[in-house]
Amino acid sequence: MSKRRVVVTGLGIVSPVGIGIPLAWQNIVAGKSGIVRISQFDASQFASQIAGEVADFDVAQYLPAKDARRMSRFIHFGLVAGMEAYADSGLCVTEQNAERIGVNIGSGIGGLPAIEETHNDYLSAGPRKISPFFIPGTIINMISGNLSVMYGFKGPNVAMVSACTTGTHCIGESARMIEYGDADVMIAGGAEATISPLAVGGFAAARALSTRNDDPATASRPWDKDRDGFVIGEGAGVVVLEEYEHAKARGAKIYAELSGYGMSGDAYHITSPNSDGPRRSMLTALNNARLNPEDVQYINAHGTSTPLGDKNETDAIKLAFGDHAKKLVVNSTKSMTGHLLGGAGGVESIFSILAVHHQVSPPTINIFEQDPECDLDYCANEARSMKIDVAMNNNFGFGGTNGTLVFSRV
């Protein structure tokens, strides 16, 4: 049996560079940073005091206040991105197709801020202060759950968790569900909202975060010689995946084909990367797409702006692509958004899809002096119009988990 083809027919985004696809894409191509000083809590005692925050987000514009109060911020983000992607797709749920439409929107950490707040309430006033909505308002699968209830999606209802590879794995595994006939349509992606004392403090204690607090807009600088860590971000990216013939039959707008998916485990260290795992993830994705390394023009890299991670990914790309690595355009949109953790794969897949759709590579901003050990073409500081028939998106996570998606022009 031939593999069923999977295409992207809807996009939705909530990000530090904008809410909604038109604004986010406009800002990402223009090289506009969404990184600011943290406003959600007093971060003055923390080593890192900056973040990619979502600005001007009013959940009351999208959800009834009563419902919104029962959900953590990451659920708000995921639902809004999912609502936008569904609307963009032009789909209509009916009694006949509801069982063929599913949801898979995950998060790396979930409702940590609400957990912190509830624990503080408990300590100050005892168990009676714990809301009956605390658990369903914080657990990770509740983006999928709420979206399923909202629209009547009766197909697969799941949520994957794999640290910073979450969004990528949710999209890739959703494509597999369509390929193998479990669904005709999947709404998939990732969301995160953990700009909170424990999250920032935890990453800072691990010395993973940038401490360039005096200049937030230039703090995330992948592949720059003076990069000093990642900047935590928040938001959500959700895509509508659809079986190709199903999409064609209803006259859907098709952004790109999800032609390949790969994953791997480093089996090396829980937080430190090695180049072999990402190499294998990229090659597995190409094999799944039945493409050669020479067929790829563009990579949206994981590119977190950490000293070790950026060099490691550069090495992995060179191992996977050989001589062709020097012909690739590689960028990191994290230079503008920060690192959205479990939401990164969703948001960065959208930017990869739009790169194919518009034939433009967004820039990597803040490359002031490129690290000599990172010697690829990182589309430094300015977007580039170019031929992109095949794009790749990489995301890697703690625990040594790797995911790669390949998007092709239709």
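Whatever comes next refers back to the structure up there.
Reading the values: the criteria
Along each chain, residues carry numbers from 1 onward, in the same order as the chain's sequence is written. In keeping with the predicted nature of the model, local features appear solely for residues at pLDDT of at least 70, side-chain atom pairs appear and are counted solely at 80 or more, and the whole-chain, interface and lining totals rest on all residues. Water and hydrogen atoms play no part in the side-chain values, which are based on all heavy atoms of the structure. Working definition: rings of Phe, Tyr and Trp (its six-membered ring) pair if their centres are within 6.5 Å, and the pair is stacked with planes under 30 degrees apart, edge-to-face with planes over 60 apart, and tilted otherwise. What counts as a helix is a DSSP run of H or I of at least four residues, what counts as a strand is a run of E of at least two, and both are numbered from the N terminus. With a 1.4 Å probe rolled over the protein chains alone, any residue whose accessible area is under 20% of its type maximum counts as buried; one over 50% counts as exposed, and the rest are partly exposed. Note on criteria: charge over ring means Lys NZ or Arg CZ within 6 Å of the ring centre, with the direction from the centre no more than 35 degrees off the ring normal. Cysteine sulfur atoms are paired as a disulfide whenever they come within 2.5 Å of each other. The nonpolar core is taken to be a set of buried Ala, Val, Leu, Ile, Met, Phe, Trp, Tyr and Cys residues, with the residues joined through side-chain atoms within 4.5 Å. Think of it this way: DSSP has to see at least two bridges between two strands before they count as a pair. Salt bridges are defined by distance alone: a side-chain nitrogen of Lys or Arg within 4 Å of a carboxyl oxygen of Asp or Glu.

Student: So what exactly am I meant to see when it comes to the packing of aromatic side chains here?
Tutor: Each pair of aromatic rings is reported with the distance of its centres and the angle of its planes. What the rule picks out here adds up to 10 aromatic pairs. Between the aromatic rings of Tyr 86 and Tyr 151, the centroid separation amounts to 4.3 Å while the plane-to-plane angle is 45°, which identifies the pairing as tilted. Residue Tyr 86 is found in helix H3 (residues 73-89), and its partner Tyr 151 is found in helix H5 (residues 142-151); the two are separated by 65 residues along the sequence. When its relative accessible area of 12% is taken as the criterion, Tyr 86 is described as buried. For Tyr 151, a relative accessible area of 24% translates into the label partly exposed. Grouped by ring-pair contacts, the aromatic residues Phe 57, Tyr 62 and Phe 77 constitute a single cluster. For the cation-ring pair, Arg 5 lies above Tyr 244, with the distance from its terminal atom to the ring centre recorded as 4.2 Å.

Student: Would you mind going over the state of the cysteines with me for this structure?
Tutor: One way to say it: the disulfide is the covalent bond shared by the sulfur atoms of two cysteines. Throughout the structure, instances matching the rule amount to zero disulfides. No disulfide involves Cys 164; its nearest neighbouring cysteine sulfur is the one of Cys 170, lying 13 Å away. Left without a disulfide partner, Cys 374 is nearest to the cysteine sulfur of Cys 379, which lies 16 Å away.

Student: What should I look at first to understand the nonpolar core in this one?
Tutor: Among soluble globular proteins, nonpolar side chains are generally buried collectively. Counting 42 residues, the largest nonpolar core has Val 8, Leu 11, Val 239, Leu 241, Leu 258, Ile 353 and Phe 407 as the members making the most contacts within it. Looking at this core, the element that brings in the most residues is helix H12 (residues 344-358), giving eight residues. Counting residues in hydrophobic clusters, the runner-up holds 30 residues, among them Met 71, Ile 101, Ile 187 and Ala 236.

Student: Explanation requested: the pairing of strand S7 (residues 185-192) in the structure shown.
Tutor: In terms of burial, S7 is a largely internal element, eight of the eight residues being buried. Residues Val 185, Ile 187, Gly 189 and Ala 191 of S7 are buried on one face, and the alternating residues Met 186, Ala 188, Gly 190 and Glu 192, pointing to the opposite face, are buried as well. Pairing of strand S5 (residues 101-106) with S7 involves six bridges; the strand directions are parallel. Bridging across to S7, Ile 105 finds its partner in Gly 189.

Student: Which parts of the structure should I look at to understand the pattern of salt bridges?
Tutor: Between side chains of opposite charge, a pair can form as their charged atoms come close. The tally for this structure, following the rule as stated, stands at 22 salt bridges. We note a salt bridge from Arg 100 to Asp 184, for which the minimum N-O separation is 3.1 Å. Of this pair, Arg 100 sits in the loop between H3 and S5 while Asp 184 sits in the loop between helix H6 (166-179) and S7, and the two are 84 residues apart along the sequence. Residue class for Arg 100 comes out partly exposed when judged on its relative accessible area of 27%. Exposure remark for Asp 184: the relative accessible area of 14% places this residue in the buried category. Close ionic contact of Arg 280 with Asp 276 constitutes a salt bridge, the shortest N to O distance being 2.8 Å. Here Arg 280 and its partner Asp 276 are both found in helix H9 (residues 276-289), four residues apart, which amounts to about one turn of the helix.

Student: Looking at this structure, I do not really get unusual backbone geometry. What am I missing?
Tutor: Glycine aside, negative phi is the norm for most residues, and most peptide bonds take the trans geometry. The phi angle at Ala 163 is positive, at roughly 55°, despite the residue not being glycine. You can see Ala 163 is positioned in the loop between strand S6 (157-158) and H6. The backbone of Cys 379 sits at a positive phi, close to 50°, despite the residue not being glycine. Residue placement: Cys 379 occurs in the loop between strand S12 (360-361) and strand S13 (384-385).

Student: Where do I start with the pairing of strand S8 (residues 235-243) in this structure?
Tutor: Both faces of the sheet carry side chains from a regular strand, because those side chains alternate between them. Most of S8 is tucked away, with nine of its nine residues classed as buried. Pairing analysis gives eight bridges linking strand S1 (residues 6-15) to S8, with the strands arranged antiparallel. Across the sheet, the residue bridging to Leu 11 is Val 239, located in S8. Note that S7 and S8 share eight bridges and pair antiparallel. Across the sheet, the residue bridging to Ile 187 is Val 240, located in S8.

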